[in-house]
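# Observations on chain architecture
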Amino acid sequence: MNTPRKAGARTGRAPGLTELAAERASGALLCDAGTVYLQGGQVVHAESPVSPGIEVLLTAGGRLTADSWREAMGRAGPAGGVGRFLVDSGRLSGAELEICHLGALFDAAYFALGHGSGPRGFQRGAAHWLGPVRPVGAAAVERETRRRGELLAALWPYPRVDTEPVVARRPDGRAPAVTPRQRAVLALADGVRTPARIARELGRPAFHTLIDIRRLAAAGHIATPRSTGPAAPPSPRPGVPGHPALPARSGARPPLPPGRGPTAAGFTDPDIDLLRRLRDALEATL
Amino acid sequence: MANTQTALKEAMTSIEGCLGAALVDYTSGMALGTVGGGNDLDLTVAAAGNTDVVRAKVRTMEQLGLQDAIEDILITLGSQYHLIRLLKSRGSQGLFLYLALDKNRANLAMARHQLRRIEAGLEV
């Protein structure tokens, strides 16, 4: 909803984040799965349709009412200083705003800059309504995006659980216990909601929800979609070196050819059971 | 009203023997801010790794059926103390403060006391 208009300063070849940071550019980098806002080459904010915006995180967590959020938007939105307004008017502490802002920024950047999402254009001079809160170096954003992809792959190397509707299943008795946070995710796993929608409804960052989803899938509490193999080794891609993260859109990874993929339904997948047993054995020796 | 960086700097200057401090998002393992550290102590790596420490303890408490919350976790090395203090967050995000202290210079009781004060200043 807040994505700047795509007309205007679009050029033939879209510049990457590193390039824009090097030339200290200011504006909005439009990517397939989100937008990254820069000021003087530093990342000041990011948004993605996959991740809940800072307004969702603040209001769902009960820190702000929808009314006080609307008031802040109305009074400071047009001038691009909503963040400053929230702190100056005593609605949030500086630390609270920063923490929530960084949470939203890195969450959206993970999808906007992650695997399967490339730059589409740069709108020079575009600024976000939040205004400057705490700028982050482009290198730090890219490093964290990479780390997040690796973390998910290490938890359970099936990226399709990130985008498919979440199906709860009854695990065997040896499955690890579910944490209260994960219980809230499981309660919404109705076979219709996707992880992105669950994150939005819970008012949690999307990446945090993916961590819960992957852990729950690894433990057998959530079905792992069939015809999906473990993530292939990361293939080098220009702009996103060695990034094994999830595809931000479903269908980015082609299904395995017939006859080569697992043939049973997801939850009886011998491949997955083997992996689960292997992981249990490895954990037992730690 | 402090922002995260001033709170961390205060930890660094007011806590005797403090080698480094980080404010860490518990779920993602990302350091939201760091001070100190250096070549001997990569605080972003420490942040990510110590989320596993917290998670393991939370899980153990659940298995034991302990209906309680962790205030802090102390890890004693030969030459350092590592102190993890979980923040009682008003929002939905779980955070902890991570502190590395020089064992010879640090006063553990004082460090714990200061950490509580810094947590209050963060107002999260």
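Values in this document were obtained by computation on a predicted structure and should not be read as measured data.

### A short note on the overall build of chain A
- If you tally the helices and strands in chain A, you get 10 helices and 4 strands.
- Listed by position from the N terminus, the elements making up chain A come as α-β-β-β-α-α-α-α-β-α-α-α-α-α.
- Within chain A, the proportion of its 286 residues that are buried is 50%.
- Within chain A, residue pairs in contact and separated by at least 24 positions form 76% of the contacts whose partners lie at least 6 positions apart.
- On chain A, roughly 12800 Å² of surface is accessible, and the fraction owed to carbon and sulfur atoms is 56%.

### Remarks on the nonpolar core
- Formed by 45 residues in total, the largest nonpolar core has its most connected members in B:I15, B:L23, B:L99 and B:L101.
- Broken down by element, this core gets its largest block of residues, 8 residues, from helix α5 (residues 94-112) of chain A.
- If near-sequence neighbours (up to four positions away) are discounted, B:L99 is found in contact with B:A11, B:I15, B:C18, B:G20, B:A21, B:Y81, B:H82, B:L83 and B:L115.
- Counting residues in each nonpolar core, the second largest holds 17 residues, with A:L64, A:W69, A:L97 and A:C100 among its members.

### Notes on the interface of chain A and chain B
- Tallying the contact residues gives 27 residues for chain A and 24 residues for chain B.
- Between chain A and chain B, roughly 2200 Å² of surface is buried when both sides are summed, and carbon and sulfur atoms account for 57% of that area.
- Summed over the three residues of chain A that lose the most area to chain B, namely A:I99, A:H208 and A:R215, the buried surface amounts to 23% of that side.
- Counting across the chain A and chain B interface gives 0 salt bridges.
- Counting every contact that joins chain A to chain B gives 5 residue pairs in polar contact (both at pLDDT 80 or more).
- Looking at the side of chain A that touches chain B, the elements that each hand over two or more residues are α5, α6 (138-155), α7 (180-187) and α9 (206-219) of chain A.
- By residue class, the composition of the side of chain A that touches chain B is 11 nonpolar, 7 polar and 9 charged.

### As for the sheet that holds strand β4 (residues 119-124) of chain A
All names here are of chain A.
- Spatially, 4 strands are ordered β3-β2-β1-β4 in an open sheet, and the strand pairing comes out antiparallel. Sheet topology places β3 (42-47) and β4 at the edges, where each strand pairs with a single neighbour. On average, adjacent strands in this sheet sit at an angle of 20° to one another, irrespective of strand direction.
- Note that strand β2 (residues 34-39) and β3 share 5 bridges and pair antiparallel. Paired with V36 across the strands is A46, a residue of β3.
- Packed onto the sheet, α5 meets β1 (27-31), β2 and β3 and runs at close to 75° relative to β3.

### Remarks on the pairing of β1(A)
All names here are of chain A.
- Among the 5 residues that make up β1, 5 are buried, leaving the element largely enclosed by the rest of the structure.
- Note that β1 and β2 share 5 bridges and pair antiparallel. Paired with A28 across the strands is Y37, a residue of β2.
- Linking two consecutive strands that pair antiparallel, namely β1 and β2, is a turn of 2 residues.

### What to know about the sheet that holds strand β1 (residues 18-25) of chain B
Residues and elements named next belong to chain B.
- Taken together, 5 strands build an open sheet; the order of strands is β2-β1-β5-β4-β3 and the sheet is antiparallel. Two strands lie at the open edges of the sheet, namely β2 (31-36) and β3 (72-76), each paired on one side alone. Averaged over all adjacent pairs, the angle separating strand axes in this sheet is 10°, with direction ignored.

### Re the confidence of the model for chain A
Residues and elements named next belong to chain A.
- Mean pLDDT over chain A works out to 82, with 78% of the residues at or above the 70 mark.
- Under a pLDDT of 50 for its full length, residues 3-11 has, in the predicted model, 20 contacts with residues more than four places off or in other chains.
- Counted against residues more than four places away or in other chains, residues 233-267, with its pLDDT under 50, gives 59 contacts.

### Digging into the packing of α7(A) against α9(A)
Residues and elements named next belong to chain A.
- Where α7 meets α9, the closest approach of the two axes is 10 Å, and the angle between their N-to-C directions is 85°. One finds that α7 runs roughly perpendicular with respect to α9. In contact with R181, Q182, V185 and L186 of α7, α9 contributes H208, T209, D212, I213, R215 and L216.
- For the contact of α7 with α9, a count of residues per class yields 4 nonpolar, 3 polar and 3 charged.

The rules behind each value
- Residues numbered from 1 in each chain as written.
- Chains lettered and ligands numbered in written order.
- Predicted model: local features only at pLDDT ≥ 70, side-chain atom pairs only at ≥ 80, totals over all residues.
- Heavy atoms only, no water.
- Helix = DSSP H or I, 4+ residues; strand = E, 2+ residues; numbered from the N terminus.
- Buried < 20%, exposed > 50% of the residue type's maximum accessible area, 1.4 Å probe, protein only.
- Contact = heavy atoms within 4.5 Å.
- Areas by Shrake-Rupley, 256 points an atom, 1.4 Å probe, with all protein chains shown as cover.
- Core = buried A, V, L, I, M, F, W, Y, C linked by side-chain atoms within 4.5 Å.
- Buried area = accessible area lost by both parts, 1.4 Å probe.
- Salt bridge = Lys/Arg side-chain N within 4 Å of Asp/Glu carboxyl O.
- Polar contact = N/O pair within 3.5 Å; in protein donor to acceptor, adjacent residues only side chain to side chain.
- Nonpolar A, V, L, I, M, F, W, Y, C, P; charged D, E, K, R; others polar.
- Pairing = 2+ DSSP bridges.
- Axes fitted to C-alpha atoms, helices over the stretch in contact; angles between N-to-C directions.
- pLDDT = per-residue confidence, 0-100.
- Parallel < 35°, antiparallel > 145°, perpendicular 65-115°, else oblique.

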